Each structure stands twice: as structure tokens, then as C-alpha cells.
Amino acid sequence: MYGKRIDGRDFDEIRKIEAKIGIVKSANGSAMFKIGDTIAIAAVRGPRDLYPKFMQNPKSGILRCNYNMMSFSVDERIRPGPSRRSREISLVTENALMPAVNLEEFPNAVVDVFVEIIQADAGTRCAGICAASLALADAGIPMRDMVCAVSVGKVGGKIVADINKYEEDYEDGSTDMPVAFLPRRNEISLLQLDGGIKKEEIIKALEMARKSCEKILEVQRKALMEKYQNG
Amino acid sequence: MGLVIKEKEFVIPGDVIAEGIDYLPAQGVFREGDKLIAEQIGIVHVDNRLIKLIPLTGTYSPKPGDAVIGQVVNISFNGWSVDIGFSNLALLSVRDGSSDFIERKSDLSRYYDFDDFIIAKISNVGKGNLIDLTMKGHGLMKLQGGMIIDVSPSKVPRIIGKQGSMITLLKELSGCKVTVGQNGKVWISGENSENVIEAIRVIEKESHQSGLTEKIEKLLGGK
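J.: Looking at this model, I keep getting lost on the nonpolar core. Mind explaining?
T.: Across soluble globular proteins, nonpolar side chains show a tendency to be buried alongside one another. With 88 residues, the main nonpolar core has A:F33, A:L63, A:L136, A:L224 and B:I84 as its most contacted residues. Element by element, the count of residues in this core is highest for helix α2 (residues 124–139) of chain A, at 11 residues. Here this core spans two domains, since at least three of its residues come from each of domain 1 (2–55) and domain 2 (67–134) of chain B. Sequence-distant contacts of A:F33, that is, excluding residues within four places in its chain, are made with A:I17, A:E18, A:A19, A:T38, A:I39, A:A40, A:A127, A:C130, A:A131, A:L134 and A:I216. B:L170, B:V180, B:I197 and B:L212 belong to the second largest nonpolar core, which has 22 residues in total.

J.: Explain the pattern of salt bridges here, please?
T.: Should the charged atoms of two oppositely charged side chains come close, the side chains can pair. On inspection of all chains with the given rule, the structure shows 24 salt bridges over all chains. Among the salt bridges present, the one from A:E168 reaches A:K165, with a minimum N-O distance of 3.3 Å. Within this pair, A:E168 and its partner A:K165 are both found in helix α3 (residues 165–168), separated by three residues, close to a single helical turn. You can call A:E168 partly exposed: its relative accessible area is 27%. The exposure class of A:K165 is partly exposed, given its relative accessible area of 36%. With a shortest N-O distance of 2.9 Å, A:R221 and B:D15 are connected by a salt bridge. Taken together, the positions of A:R221 in helix α4 (residues 199–228) and B:D15 in the loop between β2 (10–11) and β3 (16–19) put the pair across two chains. The class of B:D15 is buried, set by a relative accessible area of 8%. One connected set of salt bridges, linked through shared partners, spans A:R5, A:D7, A:R9, A:R15, A:D121, A:D162 and A:E167.

J.: Sorry, what's going on with the interface of chain B and chain A here?
T.: In many analyses, interface size is given as the accessible surface area lost on bringing the parts together. Between chain B and chain A, the contact holds 23 residues from the first and 31 residues from the second. Our count for the contact surface shared by chain B and chain A stands at three salt bridges. Linking A:R185 and B:E32 is a salt bridge whose minimum nitrogen-to-oxygen distance equals 2.7 Å. Elements supplying a minimum of two residues to the side of chain B that touches chain A: β5 (29–32) and β6 (35–38) of chain B. When its residues are assigned to classes, the side of chain B that touches chain A shows 10 nonpolar, 10 polar and three charged.

J.: Got a minute to help me understand empty space enclosed by the protein in this structure?
T.: Which parts of space are left empty comes out when a probe the size of a water molecule is rolled across the atoms. Residues and elements named next belong to chain A. Under the criterion given, the structure shown has one cavity of 30 Å³ or more. Taken as a whole, the largest cavity holds about 50 Å³ of empty space. What lines the largest cavity is R15, F33, I35, G123, C126, A127, C130, A149, V150, S151 and D162. For the lining of the largest cavity, the secondary structure elements donating two or more residues are β2 (29–35), α2 and β6 (148–155). Looking at the lining of the largest cavity residue by residue, the classes come out as seven nonpolar, two polar and two charged.

J.: Can you walk me through the domain arrangement of chain B in this structure?
T.: Residue and element names in this part refer to chain B. On domain assignment, one finds that chain B holds domain 1 (2–55), domain 2 (67–134) and domain 3 (147–221). Taken together, the links from domain 2 to domain 3 amount to zero salt bridges. Linking domain 2 with domain 3 are three residue pairs in polar contact (both at pLDDT 80 or more). Looking at the side of domain 2 that touches domain 3, the element that brings in the most residues is strand β9 (residues 67–76), giving three residues. Its residues placed into classes, the side of domain 2 that touches domain 3 shows six nonpolar, no polar and no charged.

J.: How do you make sense of the sheet that holds strand β15 (residues 177–180) of chain B when you look at a structure like this?
T.: Paired through their backbone hydrogen bonds, the strands of a sheet run either parallel or antiparallel. All names here are of chain B. Spatially, β14-β16-β15 is the arrangement adopted by the three strands of the open sheet, whose pairing is antiparallel. Two strands bound the open sheet, and with one partner strand each, they are β14 (147–150) and β15. For this sheet the average axis-to-axis angle between neighbouring strands, irrespective of direction, equals 20°. The pairing of β15 with strand β16 (residues 185–189) spans four bridges and is classified as antiparallel. Paired with T179 across the bridge in β16 is W187. Here helix α4 (residues 193–205) sits on the sheet in contact with β14, β15 and β16, set at roughly 10° to β14.

J.: Is there a simple way to think about the sheet that holds β2(B) in this case?
T.: Read from one edge to the other, the open sheet built from four strands follows the order β2-β7-β8-β4 (chain B), with strand pairing classed as mixed. Among the strands making up the open sheet, the edge pair consists of β2 and β4 (24–25) of chain B.

J.: Even after reading the chapter, I still don't get helix α3 (residues 165–174) of chain B, so can you show me in this structure?
T.: Because each turn of an α-helix spans 3.6 residues, side chains separated by three or four positions end up pointing in the same direction. All names here are of chain B. The set of residues buried in α3 consists of M166, I167, L169, L170 and S174. Down the axis of α3, the buried side of the element spans an arc of 155°, and every buried residue falls inside it. Packed against the buried residues of α3 are α2 (156–160), β15, α4 and α5 (212–221). Downstream of α3 by a residue or two, G175 has a phi angle that is positive, lying close to 75°.

J.: For this particular structure, what's the right way to read the packing of aromatic side chains?
T.: Given two aromatic rings, one states the distance between the centres and the angle between the planes to describe the pair. For the structure on display, the rule yields two aromatic pairs over all chains. Their ring planes at 50° and their centres at 6.5 Å tell us that A:F106 and B:F86 sit as a pair that is tilted. With one member in each of two chains, A:F106 in the loop between α1 (84–97) and β5 (109–119) and B:F86 in the loop between β10 (79–83) and β11 (90–93) form a pair that bridges those chains. Judged by relative accessible area, A:F106 falls into the buried class, the value being 6%.

J.: Any chance you could explain the environment of B:V68 here in plain terms?
T.: Residues and elements named next belong to chain B. Tracing the backbone shows V68 in strand β9. Taking the C-alpha atoms as reference points, V68 and I188, separated by 120 residues in sequence, lie 14 Å from one another. Excluding residues within four positions of it along the chain, V68 makes contact with Y60, I84, I118, I119, A120, I122, L133, G181, Q182 and N183.

Here is what the cut-offs are and how they apply
- Residues numbered from 1 in each chain as written.
- Chains lettered and ligands numbered in written order.
- Predicted model: local features only at pLDDT ≥ 70, side-chain atom pairs only at ≥ 80, totals over all residues.
- Heavy atoms only, no water.
- Core = buried A, V, L, I, M, F, W, Y, C linked by side-chain atoms within 4.5 Å.
- Buried < 20%, exposed > 50% of the residue type's maximum accessible area, 1.4 Å probe, protein only.
- Helix = DSSP H or I, 4+ residues; strand = E, 2+ residues; numbered from the N terminus.
- Domains from an automatic or database assignment.
- Contact = heavy atoms within 4.5 Å.
- Salt bridge = Lys/Arg side-chain N within 4 Å of Asp/Glu carboxyl O.
- Nonpolar A, V, L, I, M, F, W, Y, C, P; charged D, E, K, R; others polar.
- 1 Å grid on protein atoms, 1.4 Å probe; cavity = no way out; pocket = protein on both sides within 12 Å on 5 of 7 lines; lining within 4 Å.
- Points joined across faces, edges and corners; volume = space filled by probe spheres on them.
- Polar contact = N/O pair within 3.5 Å; in protein donor to acceptor, adjacent residues only side chain to side chain.
- Pairing = 2+ DSSP bridges.
- Axes fitted to C-alpha atoms, helices over the stretch in contact; angles between N-to-C directions.
- Arc of directions from axis to C-beta.
- Phe/Tyr/Trp six-rings, centres within 6.5 Å; stacked < 30°, edge-to-face > 60°.

In C-alpha cells:
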């Protein structure tokens, strides 16, 4: 133990974040979110008519998310198209964003969110949620709060924030815990766990995630300001 | 208590604008407990006790009295369905379809056929977003010739300008007919329509900067 991680970060330090709004011209709202070497692009289309008609909800609009990993995003080419994993992440993304959006004004309509991972280095679902939250705000969908997500975990007996690929594949076992926060309400909208961890460690990790999400929110705010306040 | 964020400041969704019960939420703002919270990206505007957001983005939300440009997508026995760039279609009933008398069982496509563009006024927005249109009013008509471009609905007030100053300028300098729908569709008809499109794109891009009128004058006047 030398007090530093493999890429020189502190235990509670997240990777360098970049965010950019309005990168998909044809969409109603779009955003790029980059954390370390993970890059996610989200595009929002809608609110628009929803078909087939039996899926329509006359009380409120619905949110539909689609997560996709580009075939070149990982070291070894992955088969393009939907997979068991991408269906799962689409679902958790939807559930993570659902408490933040308010679609009551759009009955019978759908808001489509497309998340594309163009470069993956662990933490893709969290990057996807952050990008989707920005894209929804850019599209002008009424939102109760922004959504920030980060993966925390336990690597080599230490609680660390924002795990990268090396740490995720650590030989002696690592625990990966993606967390999504609604920062104002201080609520958790996504919590998954892969690996083993003690109760006290979870509490410590969640506190670390909350602090990291505050940093992410600042970056998100800055990105939105850059587009709207200065042109 | 009171305002947390000052007037004319930029907010993102989830920002607390005011605390306490002194203020009331209007467009783009909602109440949660004793806090007023921003729902969209926008600029805070305080009007007495009302707090509203001037939205900087977003799709068009229909309001009664708006003049909009739409496309006929369906004809049924009692009227026309019109796409006005909103998630739900708007309905133009036979009764409000024309100032002429439309006989029963007459062929409705004689008035407005599929794919025709019309300028119509929103007469009513009901629950469940049922939008009623009317063609009875000044300047409401079927569009013939010209072209239609899309602009962001949040930029429409800029294109119209204060008391219609900008649009009058566009019309006078280019000699084109220009109609701006509140839903972000602009109809341009005339010989120099390319120049008008160019000018509108400049307005859209530099809407926040001062000296826009001079710039447009230069752009259209120089040609």
C-alpha cells in the first residue's frame, strides 16, 4: 500500500470529467459525458406520439431508454445490437431517471432517451445516466432534479470512488457499486452491487458517492451554462 | 425565507429559487414542501409574487390564442387532424374550418387536403392535450407556395421582436411575405427567400447579443 491508486488518484478522487451539450443536431436534446476514458453520448427525442397505441398512458407520458455499446468501444469487439446486458442497463437507466422527470404534461406521449457508449473504461452506466440527465435538461423536459451517477466500490480492501477498468478487473476481487443520486433531494435512484462488501463499508462508500456526485453536478451545471448563458 | 436566487439569473432543473410561502410558482417552476424549484433551464423572472422561468430551450407547448403553422395529416368525417409540432395532433373541426359555409357530406379535401400547410389559431387546449384549432380570424389561411423552415420555439419572440419590429424589418428589406408560427415554423414566400432564411438563422444564433437589428439591416440591405 502506497496510498495511491494505479492511475495516481486518491481513494476518493474521481477521474477527469468533461461534459458538452448539443452534439446531436437532429435530436431535441443531446449531451456528451466523459469521465476518464469512458465516453457516453445521450440523445433525447420527444415528447412525441407513442405507438403501438396500447402502450400509451392517458395520465402521463412515458420514458423509454435505450442503452447501447458501440462495437468498437471495448478492447475486443463486441457484437452489435441488443444483448441481455444492454437490456438490463436500459431498464436501470430508465428507473434511475424516472423519479427526476415529470411527464404529466405529455399524456399519451413518449420521451425517448438513447445512450450510446463510444468508449468504455468501466462505469459506463453511470456515465450514460449523467449524459442522459444533461440531454433531458437540454431538451427542455420538465425535471424535478438533475441526476448524477458514479460507481464506487472496494478494491484491495480499500473503499474507492469511480473505479476504472484496471481496478474492476483486480485479481484479488473487487466490488463495484454504481450509485445514482438526485442531488437536491439527496435521494438514491440507482443502487447496484457486484461483489462482496460489509455494511459499514457500504455506508462509507455511499457517502463517498454523494460527495463525488456534488462534483459531477458542478460539471453538469457548467456545461449547461456554457451553452445557454453564453450563446 | 424569500428569494434564494436573484432575478435574471440562470437556473438548471432542481435549483431552489425561493423558500417560504411568499411566492407562487408559474411557468417552469413547481412547489415542493415550502420550496419553489426550477423545472427547466431558464432565466428567473419575478413578477410581484409570481415566479416564472423564461425558458431557454424546450419543445412548443400550445396556448389558446397562439397562431401556429401546421400540416394536415388526416381527414376524418368531422374535421382535419393537424400536426403542429407537438406530441399530440390538433383538431380543426368542420365548424371552424372556414368562414364559408361547408355543406354536410361535402368533400373536406376540397378545403384542406393531405400535406397542406395552414396558418391556424389555437382556440382551446383541453385536458389530455386535446387542441382545437380555428381558421376564423385575420390572416389565417391555407399556405400556397413559398417555403417553411423550423426554428427553436424559444427563439420565436426574438424573430418577431418588440411589437413586431424585427419581422417588419425582415419583410420590408426583403420584400417577402413572412409569417412566424408560435410553434417555431416560419413560412417565407417571395423572391429573396434565401436571404430571409439566412437572416433568421443569424437571429437564432445571436439572439442574446445586442446590435442584432443593425446586423440584420446590413445583411439584407447590402444585397
